[in-house]
Amino acid sequence: MTSELNKLSVSEARDMLRKREVSSREITRACLDRIAEVEPRLSAFITVSEREALEQADAADRRLGSGDAPAMCGIPIALKDIYCTRGVRTTCASKILENFVPPFDATVIAKLRAEGAVFLGKTNMDEFAMGSSTENSAFGPTRNPYDLERVAGGSSGGSAAAVAADECLASLGTDTGGSIREPASFCGVVGIKPTYSRVSRYGVIAYASSLDQVGPFAKTVRDAAILLRALAGVDSHDSTCSARPVPDYEKALTGDVKGLRIGVPKEYFVEGMEREVKIAVRAALKHYESLGARLVDISLPHTPYAIGCYYLVATAEASANLARYDGVRYGFRAESENTDELYNRSRAKGFGAEVKRRIMLGTFALSAGYYDAYYLKAQKVRTLIRRDFERAFTNCDVIVVPVAPATAFRLGEKTADPLTMYLSDIFTISVNLAGLPGMSIPCGYDGDGLPIGMQMIGPAFSEETIFRTGDAYERSRAQAKRPTKV
Ligand code: GLN
């Protein structure tokens, strides 16, 4: 029995812990054993913090024994290596932060710590969250648990793979253009990017601040709902963070979607996408009809401009955010004779190729003479994309589309051509530009046994509807999870 405890869902573990049927130490031990077993092949983690995790588990057990049991108390989870964790190395998968040990916790980490959650370690990702495959990590790529020759998706690939391979019960990622939803889809797990501002970004290493959002990966929609409730809420350290009260998302899981109007945008079912992905999502839509939901044809006409718009806005913000890595204040410092050389060499040696490409793109877009033509234009396009959604949501309650045009691709397949890599995010990026919530849930497997994901998108702060929609599918139709290959 003990050897299977790592396979528990968060809600199962929570209930068992509260009844004292199992201890946090036992579940944590099972996860650590699983990590030791599969990591040599999977590489989902950059740092495993075994000693700290066991200490946290023991503290949680004491707390559970005294009858004080917040939802996350004693639950072992993994954290994308983008979250500042007090006393535990935080690299952002970059050489430039290779030895950075933050003196403080990100707000979401502090919240989970206060609930008594157990942190197993820090997961692999694309350097500074720039990428769609976790191949841009300075620590080597994470592999897909369903096919070790394929990518786990990105940028939060380690967090998605760790949940899929049962190395942890759940994990945290971040999503700037699809970095939670795409890897969730590739690894067959649930992942939600909440509404922009729903969760504090304080202590989350910044990539593109107007797009970045924190969110969970989980084995079930219910688990994602439990985690988001623990993460969300106002924070005096992040002035963009919303003061709206946080609902009890679990209460929204009624299983009932009768009368729900599901928008189906024609721009998301286009030529060039994999046939099996299209078939799986169409079948899921049919299933929703059988549950009493109504399908509504909608249009999001500015979708074709989303990727171009994103790569101006995101890179412009990145070029400003990454200016702080100068070799003086954090992490890596190159040998040098004078200050200019110190900056230049530290940045030249500390950043990887994709990060440099983005800094250059962003600096160009913001430079005098090009600002109006590129950056300002992109901001206007961003507004048009947001309005597309506003218009669509006058006719529907939620939009259901694929997460990515294809299932997990092979390692190395897209690394030589950044543009084809950028296209992996065609169905996720608009949601970030519009600041909306989007969730990926598994909806089947392709002929090679690779997971397919479908995405539900809602108006701002409609996470309850999104969870209800996902949960209704999961209860009534989701296939049993296939065993992974690790
Ligand atoms: N793949 C996109 C990028 O490379 C999105 C990444 C993310 O969401 N962090 O920027």
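Residues numbered from 1 in each chain as written. Predicted model: local features only at pLDDT ≥ 70, side-chain atom pairs only at ≥ 80, totals over all residues. Heavy atoms only, no water.

S.K.: Describe the site of the ligand, with residues and values.
M.R.: Taken together, 15 residues sit near the ligand, with Gly177, Ser179, Tyr207, Tyr310 and Asp425 positioned nearest. One of the side-chain nitrogen or oxygen atoms of Ser179 is found 2.6 Å away from an oxygen atom of the ligand. Tyr207 is positioned such that a nitrogen or oxygen atom in its side chain is 2.7 Å from an oxygen atom of the ligand. Out of a free accessible area of 290 Å², the ligand has 100% covered by protein chains. One can see that the ligand is located within the largest cavity. Residues that form the shell around the ligand fall into these classes: five nonpolar, seven polar and three charged. (Near = heavy atom within 4 Å. Polar contact = N/O pair within 3.5 Å; in protein donor to acceptor, adjacent residues only side chain to side chain. Areas by Shrake-Rupley, 256 points an atom, 1.4 Å probe, with all protein chains shown as cover. 1 Å grid on protein atoms, 1.4 Å probe; cavity = no way out; pocket = protein on both sides within 12 Å on 5 of 7 lines; lining within 4 Å. Sits in = over half its atoms within 2 Å of the grid points. Nonpolar A, V, L, I, M, F, W, Y, C, P; charged D, E, K, R; others polar.)

S.K.: Which residues make up helix α2 (residues 24–42), and what are the values?
M.R.: In α2, a bend of some 35° at Ala36 exceeds every other bend along the element, and Pro40, a proline, comes one to four places later. If you check which residues of α2 are buried, you get Ser24, Ile27, Thr28, Ala30, Cys31, Leu32, Arg34, Ile35, Val38, Glu39 and Leu42. A positive backbone phi angle near 55° is found at Ser43, which sits one or two residues after α2. (Bend = angle between axes of the 7 residues up to and from the residue. Helix = DSSP H or I, 4+ residues; strand = E, 2+ residues; numbered from the N terminus. Buried < 20%, exposed > 50% of the residue type's maximum accessible area, 1.4 Å probe, protein only.)

S.K.: Describe the packing of aromatic side chains, and please don't skip the residues or the numbers.
M.R.: Scanning the entire structure with this criterion turns up 18 aromatic pairs. Relative to Tyr374, the ring of Phe364 lies with its centre 5.7 Å away and its plane at 45°, an arrangement referred to as tilted. Placement of the pair is Phe364 in helix α11 (residues 353–366) and Tyr374 in helix α12 (residues 371–392), with a sequence separation of 10 residues. Ring pairing ties together the aromatic residues Phe100, Phe128, Tyr325, Tyr330 and Phe351, which thus form one cluster. Positioned above the aromatic ring of Phe461 is the side chain of Arg244, whose terminal nitrogen or guanidinium carbon lies 4.1 Å from the ring centre. Geometry around Phe269 places Arg282 over its ring, the cationic atom sitting 4.3 Å from the centre. (Phe/Tyr/Trp six-rings, centres within 6.5 Å; stacked < 30°, edge-to-face > 60°. Lys NZ or Arg CZ within 6 Å of the ring centre and 35° of its normal.)

S.K.: An account of the pairing of strand β3 (residues 118–123) is needed here, citing residue identities and associated values.
M.R.: In terms of burial, β3 is largely enclosed, as six of its six residues are buried. Of the strand pairs in this sheet, strand β1 (residues 45–48) and β3 are connected by three bridges, and their pairing is antiparallel. Paired with Val48 across the two strands is Gly121, which belongs to β3. The pairing of strand β2 (residues 76–80) with β3 spans five bridges and is parallel. From the neighbouring strand, Ala78 faces β3, where its bridge partner is Gly121. Taken together, β2, helix α4 (residues 107–115) and β3 form a β-α-β motif whose crossover is right-handed. (Pairing = 2+ DSSP bridges. Right-handed = clockwise from strand over helix to strand, strands pointing away.)

S.K.: Could you give me a rundown of the layout of surface pockets, with the residues and numbers involved?
M.R.: By volume, the largest pocket amounts to about 440 Å³. In this structure, the largest pocket is lined by 21 residues; those nearest its centre are Lys219, Pro442, Ala478, Gln479 and Lys481. Elements that contribute at least two residues to the lining of the largest pocket include exactly β12 (438–445) and α15 (463–476). Residue classes in the lining of the largest pocket are distributed as 10 nonpolar, five polar and six charged. Considered as a void within the structure, the second largest pocket measures approximately 330 Å³ in volume. Along the walls of the second largest pocket sit 19 residues, with Gly203, Val204, Ile205, Ala206 and Arg324 positioned nearest its centre. Grouping the amino acids of the lining of the second largest pocket by side-chain chemistry returns 11 nonpolar, five polar and three charged. (Points joined across faces, edges and corners; volume = space filled by probe spheres on them.)

S.K.: Describe empty space enclosed by the protein, naming the residues involved and giving the relevant values.
M.R.: Inspection of the entire model under this criterion finds three cavities of 30 Å³ or more. Here the largest cavity is characterised by a volume of approximately 80 Å³. Residue lining of the largest cavity: 14 residues in total, with Ala129, Gly131, Ser179, Tyr310 and Asp425 positioned closest to the centre. Along the lines of polarity and charge, the residues of the lining of the largest cavity split into five nonpolar, seven polar and two charged.

S.K.: Quick one: what's the story with the sheet that holds β3, residue by residue and with numbers?
M.R.: Taken together, the 11 strands give an open sheet; going across it, the order is β1-β3-β2-β6-β8-β7-β12-β13-β11-β9-β10, and neighbouring strands pair in mixed fashion. Of all the strands in the sheet, the pair left with one neighbour each is β1 and β10 (294–298). Mean inter-strand twist for the sheet, computed between neighbouring axes without regard to direction, equals 30°. Judged from the two bridges that link them, strand β7 (residues 190–193) and strand β8 (residues 213–218) form a sheet pairing that is antiparallel. Note on β8: the bridge partner recorded for Val190 is Ala218. In the packing of α15 onto the sheet, contacts are made with β7, β11 (398–402), β12 and β13 (451–457), and the angle to β12 comes to roughly 10°. (Axes fitted to C-alpha atoms, helices over the stretch in contact; angles between N-to-C directions. Contact = heavy atoms within 4.5 Å.)

S.K.: Help me get a handle on the pattern of salt bridges, residues and values and all.
M.R.: Summed over all chains, the structure comprises 31 salt bridges. When the shortest N-O distance is used, the salt bridge between Asp105 and Arg113 registers 2.6 Å. The class of Asp105 is buried, set by a relative accessible area of 11%. Taking relative accessible area as the criterion, Arg113 reaches 28% and is therefore assigned partly exposed. (Salt bridge = Lys/Arg side-chain N within 4 Å of Asp/Glu carboxyl O.)

S.K.: So what's going on with a nonpolar patch on the surface? Which residues, and what values?
M.R.: A surface patch of nonpolar side chains, about 280 Å² in accessible area, is lined by Phe364, Tyr370 and Tyr374. Residue Tyr374 is classed as partly exposed on the basis of its relative accessible area, which comes to 34%. (Patch = residues over 30% accessible without salt bridge, like charges linked within 9 Å, V, L, I, M, F, W, Y side chains within 5 Å.)

S.K.: So what's going on with the nonpolar core? Residues and values would help.
M.R.: Soluble globular proteins tend to bury their nonpolar side chains together. Ranked by internal contacts, the top residues of the largest apolar core, which has 154 residues, are Met72, Tyr83, Phe128, Phe389, Ile399, Met454 and Phe467. Excluding residues within four positions of it along the chain, Met454 makes contact with Val281, Ala284, Tyr288, Val400, Val401, Pro402, Val403, Met439, Ser440, Ile441, Cys443 and Tyr473. (Core = buried A, V, L, I, M, F, W, Y, C linked by side-chain atoms within 4.5 Å.)

S.K.: Quick one: what's the story with unusual backbone geometry, residue by residue and with numbers?
M.R.: The omega torsion across Gly154 and Ser155 is 10°, close enough to zero to call that bond cis. Relative to the helices and strands, Ser155 resides in the loop between β5 (147–151) and α5 (157–164). Phi is positive for Asp166, close to 60°, though the residue is something other than glycine. Checked against the element boundaries, Asp166 lands in the loop between α5 and β6 (170–175).

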